[in-house]
Amino acid sequence: MQQKQPTFDRHMLEALVCPLTHTTLQYDADKQELISTAANLAFPIRNGIPVMLKDEARPLE
């Protein structure tokens, strides 16, 4: 049986900004990531918690 991934609280998105550019983020529910188009990075969401560290972010294509 596959475990259901914890959901991300979308209200939290209003309080979060990119740690590098201080711009707003976009939520990608399918990939469980927060997208910073200004920094060209995707920050992962693990167990419902955003990981807002540059070293953990993946570059966008």
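Look above for the structure.
Everything numeric in this text was worked out from a predicted model, so none of it was measured.

Parameters at a glance
- Residues numbered from 1 in each chain as written.
- Predicted model: local features only at pLDDT ≥ 70, side-chain atom pairs only at ≥ 80, totals over all residues.
- Heavy atoms only, no water.
- Helix = DSSP H or I, 4+ residues; strand = E, 2+ residues; numbered from the N terminus.
- Rg over C-alpha atoms; globule rule 2.2 N^0.38 Å.
- Contact = heavy atoms within 4.5 Å.
- Areas by Shrake-Rupley, 256 points an atom, 1.4 Å probe, with all protein chains shown as cover.
- Lys, Arg positive; Asp, Glu negative; His and termini not counted.
- Charge placed at Lys NZ, Arg CZ, Asp CG, Glu CD.
- Salt bridge = Lys/Arg side-chain N within 4 Å of Asp/Glu carboxyl O.

Engineer: I would appreciate a short explanation of the overall build of the protein chain in the present structure.
Structural biologist: When its secondary structure is counted, the protein chain shows one helix and five strands. Secondary structure of the protein chain in N-to-C order comes out as α-β-β-β-β-β. A globule of 61 residues ought to have a C-alpha radius of gyration of about 10 Å, and the protein chain, at 11 Å, matches this closely. With the C-alpha coordinates of the protein chain rotated into their principal frame, the extents come out at 40 × 25 × 15 Å. When contacts within the protein chain are restricted to residue pairs at least 6 apart in sequence, those whose partners lie at least 24 apart make up 24%. On the protein chain, roughly 4,600 Å² of surface is accessible, and the fraction owed to carbon and sulfur atoms is 50%. Seen as two clouds, the 6 positive and the 8 negative side-chain charges of the protein chain have centres 2 Å apart.

Engineer: I keep staring at the pattern of salt bridges and nothing clicks. Help me out?
Structural biologist: Proximity of charged atoms lets side chains of opposite charge pair with each other. Counted by the stated rule, this structure contains three salt bridges. Notably, a salt bridge pairs Glu-33 with Arg-58, separated by 2.8 Å at the nearest N-O pair. Highlighted residues: Glu-33 in strand 2 (residues 33-36) and Arg-58 in strand 5 (residues 58-59), separated in sequence by 25 residues. For the salt bridge of Glu-56 with Arg-46, the shortest nitrogen-to-oxygen distance reads 2.9 Å. One end of the pair, Glu-56, is in the loop between strand 4 (49-50) and strand 5; the other, Arg-46, is in strand 3 (residues 41-46), with 10 residues separating them in the sequence. Connected through salt bridges with shared partners, the residues Glu-33, Arg-58 and Glu-61 form a single ionic network.

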